[in-house]
Amino acid sequence: MPKKINEDNITLKPRLKMRFLELELQQQDIAEKMNESKQTISLWSTGKKQPTLKKAFKLARILGCTIEDLWDYEED
């Protein structure tokens, strides 16, 4: 049986700011494309909040990359 992952011990370190800089995009540009607030994008960028998996895939698609390009996954 697969080991159950305790989500409290998972850290996702965002690399969104770097991708925004690479593409010369502002958080507001992304917010409009995602139909989210600029504050939400900011929280994702700083790691204070995590998007749902569906939103993470949508964001990666908009930015032309994979989820793994946008977040480092670490298990404590």
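Below is a short write-up of the structure. For clarity, every value in this text was computed on a predicted model and none was experimentally measured.

What counts and what doesn't
- Residues numbered from 1 in each chain as written.
- Predicted model: local features only at pLDDT ≥ 70, side-chain atom pairs only at ≥ 80, totals over all residues.
- Heavy atoms only, no water.
- Axes fitted to C-alpha atoms, helices over the stretch in contact; angles between N-to-C directions.
- Helix = DSSP H or I, 4+ residues; strand = E, 2+ residues; numbered from the N terminus.
- Contact = heavy atoms within 4.5 Å.
- Nonpolar A, V, L, I, M, F, W, Y, C, P; charged D, E, K, R; others polar.
- Core = buried A, V, L, I, M, F, W, Y, C linked by side-chain atoms within 4.5 Å.
- Buried < 20%, exposed > 50% of the residue type's maximum accessible area, 1.4 Å probe, protein only.
- Arc of directions from axis to C-beta.
- Salt bridge = Lys/Arg side-chain N within 4 Å of Asp/Glu carboxyl O.

Regarding the packing of helix H1 (residues 16-23) against helix H3 (residues 38-46)
Then, number 1: Orientation of H1 relative to H3, taken along the N-to-C sense of each, is 115 degrees, at an axis distance of 8 Å. Contacts between H1 and H3 involve Leu16, Lys17 and Phe20 on the former and, on the latter, Ile41, Trp44, Ser45 and Thr46.
Then, number 2: Residues that form the contact of H1 with H3 fall into these classes: four nonpolar, two polar and one charged.

Notes on the nonpolar core
Then, number 1: Judged by nonpolar contacts, the single largest core of 15 residues is most densely connected at Leu16, Ile30, Ile41, Leu59, Leu63, Leu70 and Trp71.
Then, number 2: At the level of elements, H1, helix H2 (27-34), H3, helix H4 (53-63) and helix H5 (67-70) are the ones that each hand at least two residues to this core.
Then, number 3: The element that contributes the greatest number of residues to this core is H4, accounting for four residues.
Then, number 4: Once residues lying within four places of it in the same chain are set aside, the contact partners of Leu16 are Trp44, Ser45, Leu59, Leu70 and Trp71.

Description of H1
Since the α-helix turns once every 3.6 residues, residues separated by three or four places project in the same direction.
Then, number 1: Every buried residue of H1 is accounted for by Leu16, Arg19 and Phe20. Looking straight down H1, one finds that the buried residues subtend no more than 100 degrees of arc, so they occupy a single side. Away from its buried face by more than 90 degrees, H1 exposes Met18, Leu21 and Glu22.

Some thoughts on the pattern of salt bridges
Then, number 1: Scanning all chains against the criterion turns up three salt bridges.
Then, number 2: Residue Arg15 is joined to Asp72 by a salt bridge in which the shortest nitrogen-to-oxygen separation is 3.1 Å. Of this pair, Arg15 sits in the loop between strand E1 (10-14) and H1 while Asp72 sits in strand E2 (residues 71-75), and the two are 57 residues apart along the sequence.
Then, number 3: Across the pair Glu36 and Lys55 runs a salt bridge, and its minimum N-O distance is 2.8 Å. Taken as a pair, Glu36 in the loop between H2 and H3 and Lys55 in helix H4 lie far apart in primary sequence, 19 residues in all.
Then, number 4: We classify Lys55 as partly exposed; its relative accessible area is 31%.

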